[in-house]
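Commentary on secondary and tertiary structure
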Amino acid sequence: MRLTKLGHACVRIERGGSTVVIDPGMFTEADALRGADAVLITHEHADHFAEDRLRAAVADNPGLRIWSNRAVAGALEGIGAKVSVVGEGDAFEIDGLDVSVHGEWHAVIHPDIPRVGNIGFLLGGTLFHPGDALTLPPHPVETLLLPIAGPWAKVSELIDYVREAGPSRALAIHEAVLSDVGRMVHGRLLGEGGPGTGAEFSQLAVGEGVDLAG
């Protein structure tokens, strides 16, 4: 597999001639869905799900397949593409790539703000995208996509999350709300300058890719 960072929480996964895009939202490059065979969406927030862009992508490619939770599927009613509703414990296959679903709820932003549903996707048993939650994968994975910043995120909790999840490496996502200085500070705390997570930590530039197992 090859992973390419597309901005904020969005990544493109290429494997065996098939392309899967996860969480193409409003902070993602406008062409993030170009060439996609399938799309995975963790939840309904606009930084993860840009309905207009997805509808445009389906108009260009009627064979595009989409997996998400019930709220996102409801927003896409009438889109014409194959939209599958999935939740905790479900599993499916995308062109030979095994995908399983874990988690149910978005992290708490504030007790007075209603929580929305949020699902994480485990691809090939080795790559986990948790969306906006600190959901643990079912087993230690090679690569954890780590949401490092947001109105609900706290660095101490992120450190403990990586320690408990036990990945070999953590790749930063969900950092559009950070300045360059903020990225540097978070990188130090989550990397070698911090108390330690047990995982290699890195931040990819937009358009930068990395090869993965699976």
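This text gives an overview of the structure that appears in the document. (Residues numbered from 1 in each chain as written. Predicted model: local features only at pLDDT ≥ 70, side-chain atom pairs only at ≥ 80, totals over all residues. Heavy atoms only, no water.)

Observations regarding the packing of aromatic side chains
For any two aromatic rings, the description comes down to two numbers: the centre-to-centre distance and the angle of the planes. To keep things clear, this is the line we draw: Under the pairing criterion, centres of Phe, Tyr and Trp rings, with the six-membered ring standing for Trp, must be within 6.5 Å; the plane angle then separates stacked pairs below 30 degrees from edge-to-face pairs above 60, leaving the rest tilted. Put simply, DSSP H or I for four residues or longer makes a helix, DSSP E for two residues or longer makes a strand, and each gets a number counted from the N terminus. Residue burial is assigned from relative accessible area. The probe radius is 1.4 Å, only protein chains are included, and a residue is buried under 20% of its type maximum, exposed over 50%, and partly exposed in between.
Counted under the stated rule, the structure contains 1 aromatic pair. Pairing Trp 67 with Phe 92 gives two aromatic rings, centres 4.7 Å apart and planes at 5 degrees, and the pair type is stacked. Of this pair, Trp 67 sits in strand β5 (residues 65-68) while Phe 92 sits in strand β7 (residues 91-94), and the two are 25 residues apart along the sequence. Residue classification places Trp 67 among the buried residues on the basis of a relative accessible area of 7%.

Let's talk about the sheet that holds strand β14 (residues 209-211)
Cut-off, in case you're wondering: One bridge is not enough; two strands pair if DSSP finds at least two bridges between them. For helices, the fitted line uses only the C-alpha atoms of the stretch in contact; every axis is such a line through C-alpha atoms, and the angle between N-to-C directions lies from 0 to 180 degrees.
The mixed open sheet is built from 7 strands, whose spatial order is β6-β5-β4-β3-β2-β1-β14. Either end of the sheet is taken by a strand with one partner, and the two such strands are β6 (82-85) and β14. Each adjacent strand pair in this sheet contributes to an overall mean axis angle of 20 degrees, direction not counted. Taken together, the 3 bridges between strand β3 (residues 18-22) and strand β4 (residues 38-40) define a ladder with parallel strand orientation. Looking across to β4, one finds that Val 21 is bridged to Val 39.

With respect to the pairing of strand β9 (residues 120-123)
Burial along β9 is two-sided: the residues Gly 120 and Leu 122 and Phe 121 and Leu 123 are all buried. Relative to β9, strand β8 (residues 97-102) is paired through 4 bridges, and the arrangement is antiparallel. In the sheet register, Val 99 faces β9, and the bridge partner there is Leu 123. Inspection of the sheet shows β9 paired to strand β10 (residues 127-129) by 3 bridges, in the antiparallel sense. Bridge pairing in β10 links Leu 122 to Phe 128. Taking the residues that link successive antiparallel strands as the turn, the β9-β10 hairpin has 3 residues, and the phi of Gly 124 there is positive, at about 60 degrees.

With respect to the sheet that holds β10
Where we set the bar: For this analysis, residues touch if any pair of their heavy atoms sits within 4.5 Å.
Strand order across the open sheet formed by 7 strands is β7-β8-β9-β10-β11-β12-β13, with mixed pairing between neighbours. Here the strands that pair on one side only, and so sit at the sheet edges, are β7 and β13 (200-202). For this sheet the average axis-to-axis angle between neighbouring strands, irrespective of direction, equals 25 degrees. The sheet strands contacting helix α3 (residues 155-165) are β10 and β11 (143-147), and the helix crosses β11 at an angle near 165 degrees.

A short note on the side chain of Arg 169
Defined as follows: Within 3.5 Å is the distance limit for a polar contact, defined as a pair of N or O atoms, with the added protein rule that one can donate a hydrogen and the other accept it, and that residues adjacent in sequence qualify only through two side-chain atoms.
By secondary structure assignment, the location of Arg 169 is in strand β12 (residues 169-173). Arg 169 sits in the buried class, given a relative accessible area of 15%. Polar contacts involving the side chain of Arg 169 include one to the side chain of Thr 143, which spans 3.1 Å. A distance of 2.9 Å separates a polar side-chain atom of Arg 169 from the backbone oxygen of Asp 211. Once residues within four sequence positions are removed from consideration, Arg 169 is found in contact with Glu 142, Thr 143, Leu 144, Ala 199, Glu 200, Val 210, Asp 211 and Leu 212.

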